[in-house]
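Structure at a glance
Here are the chains, one letter per residue:
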2 protein chains.
Amino acid sequence: MTAVAGLAHPDIDDVDLSTVLLALADPHRRQVVLELARDPKTERQCATFVLPIAKSTKTHHWRVLRESGLVYQRAVGNGLYIRLREDDLKRRFPGLLDTIAALEA
Amino acid sequence: MTAVAGLAHPDIDDVDLSTVLLALADPHRRQVVLELARDPKTERQCATFVLPIAKSTKTHHWRVLRESGLVYQRAVGNGLYIRLREDDLKRRFPGLLDTIAALEA
DNA sequence: GTCTAGGTTCGATCGTTCTCGTACCTCCCC
DNA sequence: GGGGAGGTACGAGAACGATCGAACCTAGAC
C-alpha cells in the first residue's frame, strides 16, 4: 500500500440520501463542499483547505466525503487533489447541492 | 410533569443547518417528514405513523424532530398531534424541504 | 543522503445516537 | 372502578462518529 491510500469511489447510484445528508451535516465537511461548489469544475489541492483539525482527522473527512459520493479525489505525486462530483450529484440528487449552497451563501 | 411532556419548540432562528441535516439523515425521521410534507398544512396524529420501532424509540424521534425545528407538536387530550413547521422552514431554509421531498418522490 | 510537506494507519478516548424493555402516567370509554 | 391506548422516563447496550497523537510512508527539493 502506498502512502496515498487506494481512493475508492462509489458508483453514484449506490449512494443513498441518508449517507449524503450525514456527510453534509458536519460543518467541516460542508465547508469543504461549499468551497468546492464555488468553483465546481476546478480541482483543488486538499492541503490548501484551512481547517482547525488534525491531519489524521482530515484524512477521515476526506474518506467520508469520498464514500458519500460528494467528491472525487486523485493522487498526484505526493499529494491529493479533490473535486466536486458535480455532474453525478446533479443527476442523482438534483437541486441538493444548489439548495445547500444557497442556504449558506 | 404530565404524561405528555413539555413540548419545547426552538425558535427557528436558533436552529442551524447541521442540526436539520442530521435530523433528516435518519430514514425513519425523513419518512415522517416526507409524509407530513405531502399535506403540509394538516395536523396528524403521531400514533398514526407506522414505523417498525418501539414506542419509546418513537418518542425519541419526535423529540429530535421537534428540537431540530422541523415539526410542531401539540398535546390534545391524551395524544399528540404533529405538523410540519412549513412556514418557518420555508423562511429559514428556503428550498430545503422541497428539494428533499423531490428527491424521494 | 537529508529534510520537509502531504497523507495514511493505528489505537484510543469521548460523546452522541439509535435502539430496546420496563415501569409508569393519564385520558377516555365502558 | 377497570381497562386500554397513547406517551413519557429511565436505564442500559451497541454502534458510530469526531477527534487526537504517534509512528510511519513517499515524493520532491536541496
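Below you will find a few notes about this structure. (Residues numbered from 1 in each chain as written. Chains lettered and ligands numbered in written order. Predicted model: local features only at pLDDT ≥ 70, side-chain atom pairs only at ≥ 80, totals over all residues.)

**Examining the sheet that holds strand β2 (residues 71–76) of chain B**
All names here are of chain B. Pairing in this open sheet of three strands is antiparallel, and the strands run β1-β3-β2 from one edge to the other. This sheet does not close on itself; its edge strands, each paired only once, are β1 (44–45) and β2. In terms of strand pairing, β2 meets strand β3 (residues 79–84) through six bridges, oriented antiparallel. In the strand pairing of β3, Arg74 is matched with Tyr81. Against the sheet, helix α2 (residues 27–37) touches β1, β2 and β3, its axis set at about 75 degrees to β3. (Pairing = 2+ DSSP bridges. Helix = DSSP H or I, 4+ residues; strand = E, 2+ residues; numbered from the N terminus. Contact = placed C-beta atoms within 7 Å. Axes fitted to C-alpha atoms, helices over the stretch in contact; angles between N-to-C directions.)

**Things to note about the relation of the copies chain B and chain A**
With an RMSD of 0.0 Å, the operation that places chain B on chain A is a rotation of 180 degrees combined with a shift of 0.1 Å along the axis. Look at the turn and shift together and you get a two-fold axis relating the two. Same-surface contact between copies: 100% of interface residues of chain B are shared with the interface of chain A. (Least-squares fit on C-alpha atoms with pLDDT ≥ 70 in both.)

**Section: the sheet that holds strand β2 (residues 71–76) of chain A**
All names here are of chain A. Sheet architecture is open: three strands sit in the order β1-β3-β2, paired in antiparallel fashion. This sheet does not close on itself; its edge strands, each paired only once, are β1 (44–45) and β2. The sheet contact formed by β1 and strand β3 (residues 79–84) spans two bridges and is antiparallel. Bridge pairing in β3 places Gln45 opposite Tyr81.

**What about the interface of chain B and chain A?**
In this complex, chain B contributes 14 residues to the contact, which on the side of chain A involves 14 residues. Of all the secondary-structure elements, those providing two or more residues to the side of chain B that touches chain A are α1 (17–25) and α5 (96–103) of chain B. The dominant element in the side of chain B that touches chain A, judged by the number of residues it contributes, is α1 of chain B, at six residues. Grouping the constituent residues of the side of chain B that touches chain A by class yields 10 nonpolar, three polar and one charged. (Nonpolar A, V, L, I, M, F, W, Y, C, P; charged D, E, K, R; others polar.)

**Thoughts on the packing of helix α2 (residues 27–37) of chain A against helix α3 (residues 55–67) of chain A**
Residues and elements named next belong to chain A. The interhelical angle for the contact between α2 and α3, taken along N-to-C directions, is 65 degrees, at an axis separation of 10 Å. Pair α2 / α3 crosses with right-handed handedness. Across the interface between the two elements, His28, Arg29 and Val32 of α2 pack against His61, Val64 and Leu65 of α3. In the contact of α2 with α3, the residues fall into three nonpolar, two polar and one charged. (Left-handed = near helix turned anticlockwise from the far one by under 90°.)

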